[in-house]
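Chains, contacts and geometry: an overview
The chain contents come next:
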There are 2 protein chains.
Amino acid sequence: MRLRAIISYDGSQFSGYQVQPGKRTVQLELERVLQTIHKGELVKVVASGRTDAGVHATGQVIHFDSHFNLPMDRWRTALNVQLPKDIRIHSVEEVAADFHARYHAEGKTYRYKWTLNEIQSPFERNYTVHVDRYKPNVNLMKEASVHLLGTHDFSSFCASKTSIKDFVRTVRSIDFEWKEDSNQLHMVISGNGFLYNMVRIIAGTLWEVAIGKKNVDELPGILQSCDRKNAGKTAPAHGLYLEKVEYS
Amino acid sequence: MRLRAIISYDGSQFSGYQVQPGKRTVQLELERVLQTIHKGELVKVVASGRTDAGVHATGQVIHFDSHFNLPMDRWRTALNVQLPKDIRIHSVEEVAADFHARYHAEGKTYRYKWTLNEIQSPFERNYTVHVDRYKPNVNLMKEASVHLLGTHDFSSFCASKTSIKDFVRTVRSIDFEWKEDSNQLHMVISGNGFLYNMVRIIAGTLWEVAIGKKNVDELPGILQSCDRKNAGKTAPAHGLYLEKVEYS
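Residues numbered from 1 in each chain as written. Chains lettered and ligands numbered in written order. Predicted model: local features only at pLDDT ≥ 70, side-chain atom pairs only at ≥ 80, totals over all residues. Heavy atoms only, no water.

If you look chain A up in an unreviewed UniProt entry, it shows as tRNA pseudouridine synthase A from Psychrobacillus faecigallinarum. Quoted verbatim from the Subunit (unreviewed entry) field of the UniProt record, the comment on chain A reads "Homodimer." As its UniProt record puts it under Catalytic activity (unreviewed entry), chain A is described as follows: "uridine(38/39/40) in tRNA = pseudouridine(38/39/40) in tRNA". (UniProt positions renumbered as here; feature names shortened; annotations may be inferred.)

Structural data, given as structure tokens:
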């Protein structure tokens, strides 16, 4: 029986999602708990994609196989009672035996958070990026973001340490939300898929437009150059949230 | 020259406020940074009171003496650039040479936070107390809280491991706030001073009233008994925030 779960995690105490020798990762914790439930048997967990150290998730999707005889409405609690509190399972459902969390993902939505307070609250230090010296021009960010919408070769917005060959992705929407009460600026970006560090490089580049370090007009040239050096800096990991994964 | 500062800290990575051998505490970090600024000289920091491991502060007040020649508007930044990000200095001002952060405190306000979501967000695990199985009756909490207002011997609401002799304190107000968007219940309590664990024992006792484990009518008897055993359980540390300290 194949199960799909929607999970959230606070990335700040993890060395990313994927298993790495000697490191605390989200996948390690999930597989450890599933192994306990399955009396020592290894259960492989597949996610929609990995997330880096410090990156958070509010709607990551995973799948795994189980022959464990547990009523479907008990799975969520069975996992949550054993998982550390920085990972939570929000729902578990049975899916077709050939469902694949990564291969079948048809879209993803990420959120990037900046806080503009003069002093950053100690409670937000791992959850938003603090930018105190600048007043960002959100209108310029919006104008610049339009150049990234649609289907493009996003090589300029991909971290160089990658082995993939196809850099063409479709960005469906980029929206900005201003949170008055918390002085936060959010960028919400959706697309059919994202290259390694692509959201963080887009966030960093649009931020440079917002503070006048780059011009709106430079965006088409940056895209066309297919050269990572021309885009802005990679924005910090702890501002990023994987919010939603879509399946048909 | 004596300086007073208002500070906030995320208590989750500290073994409380006060210096303890071999432990990471808020006082240790403050004194370490002041020692660096003062070129190795020890600078003692005095707070309005200690807070326990896991307890947070949004408006703790400290004082210290310095002969370091720094313009007053530079102090805040000088401290913040060297402090870890889970402590922030919000303001620094010169005060009279005999000002004392603890002895001159005339009132304190604490906030206690519960979250009532079915699944607790991983981002709130250190910042609110998760209570999923109960629907608290806030009206009963309010009724019960009225019995605690005013001047009483609060021995029943003081952790037993204390060496003090005077258990009389004045509670000025206890208010409840329901945060619709985050499903949080806050208790805000002000008084002239609080005994060891007093706010957490009041929170725990009022919570037991809210879920029907104790009756409103029992409160006067609990107070009068002067016996810790009659009050409710001590509510967890991580729901508690020192919000404000008042001076004349």
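What follows deals with the interface of chain A and chain B. With 23 residues of chain A at the interface, the matching set in chain B holds 23 residues. Around 1800 Å² of area is buried between chain A and chain B when both sides are counted, 65% of it from carbon and sulfur atoms. Area buried by chain A at its contact with chain B is led by Ile-119, Phe-123 and Arg-125 of chain A, which between them contribute 38% of it. Counting across the chain A and chain B interface gives six salt bridges. Taking the shortest distance from any N to any O, the salt bridge between Asp-10 of chain B and Arg-125 of chain A comes out at 2.7 Å. Across the chain A-chain B interface, the total number found is four residue pairs in polar contact (both at pLDDT 80 or more). Sorting the residues of the side of chain A that touches chain B by element identifies strand S1 (2-9), strand S3 (56-65), helix H2 (75-82) and strand S4 (87-95) of chain A as the ones contributing at least two each. A total of four residues in the side of chain A that touches chain B trace back to one element, the largest contributor, which is S4 of chain A. (Contact = heavy atoms within 4.5 Å. Buried area = accessible area lost by both parts, 1.4 Å probe. Salt bridge = Lys/Arg side-chain N within 4 Å of Asp/Glu carboxyl O. Polar contact = N/O pair within 3.5 Å; in protein donor to acceptor, adjacent residues only side chain to side chain. Helix = DSSP H or I, 4+ residues; strand = E, 2+ residues; numbered from the N terminus.)

Let us look at the domain arrangement of chain A. All names here are of chain A. Once the domains are mapped, chain A shows domain 1 (2-95) and domain 2 (109-246). On a C-alpha basis, the centroid separation for the pair domain 1 and domain 2 is 28 Å. The interface is formed by 14 residues belonging to domain 1 together with 13 residues belonging to domain 2. Taken together, the two surfaces of domain 1 and domain 2 that pack against each other cover about 1100 Å², and 55% of this comes from carbon and sulfur. Put simply, domain 1 and domain 2 have one salt bridge between them. (Domains from an automatic or database assignment.)

Right, let's talk about unusual backbone geometry for a bit. For Cys-226 of chain A, which is not glycine, the phi torsion reads 50° and is therefore positive. With respect to the secondary-structure elements, Cys-226 of chain A resides in the loop between helix H5 (218-225) and strand S10 (240-246).

Before going further, it helps to examine the relation of the copies chain A and chain B. Once turned by 180° and shifted 0.0 Å along the axis, chain A lies on chain B with an RMSD of 0.0 Å. In short, the pair behaves as if placed about a two-fold rotation axis. Among all residues of chain A, the minimum C-alpha distance to the rotation axis is found for Phe-123 of chain A, at 5.0 Å. When the interface residues of chain A are mapped onto chain B, 100% of them again lie at the interface, so the same face is used by both copies. (Least-squares fit on C-alpha atoms with pLDDT ≥ 70 in both.)

Here we take up the UniProt feature "active site" (unreviewed entry) in chain A. Per the UniProt entry, the sites bearing "active site" (unreviewed entry) are Asp-52 of chain A in this numbering. Mapped onto the elements of the fold, Asp-52 of chain A is located in the loop between strand S2 (46-47) and S3.

Let us now look at the pattern of salt bridges. Per the counting criterion, the structure on display carries 30 salt bridges over all chains. Salt-bridge contacts for Glu-118 of chain A lead to Arg-76 of chain B; the nearest nitrogen and oxygen are separated by 2.9 Å. Here Glu-118 of chain A is found in the loop between strand S5 (107-115) and strand S6 (129-130), whereas its partner Arg-76 of chain B is found in helix H2 (residues 72-82) on a different chain. The exposed category is assigned to Glu-118 of chain A, whose relative accessible area is 57%. Note on Arg-76 of chain B: relative accessible area 22%, which makes it partly exposed. (Buried < 20%, exposed > 50% of the residue type's maximum accessible area, 1.4 Å probe, protein only.)

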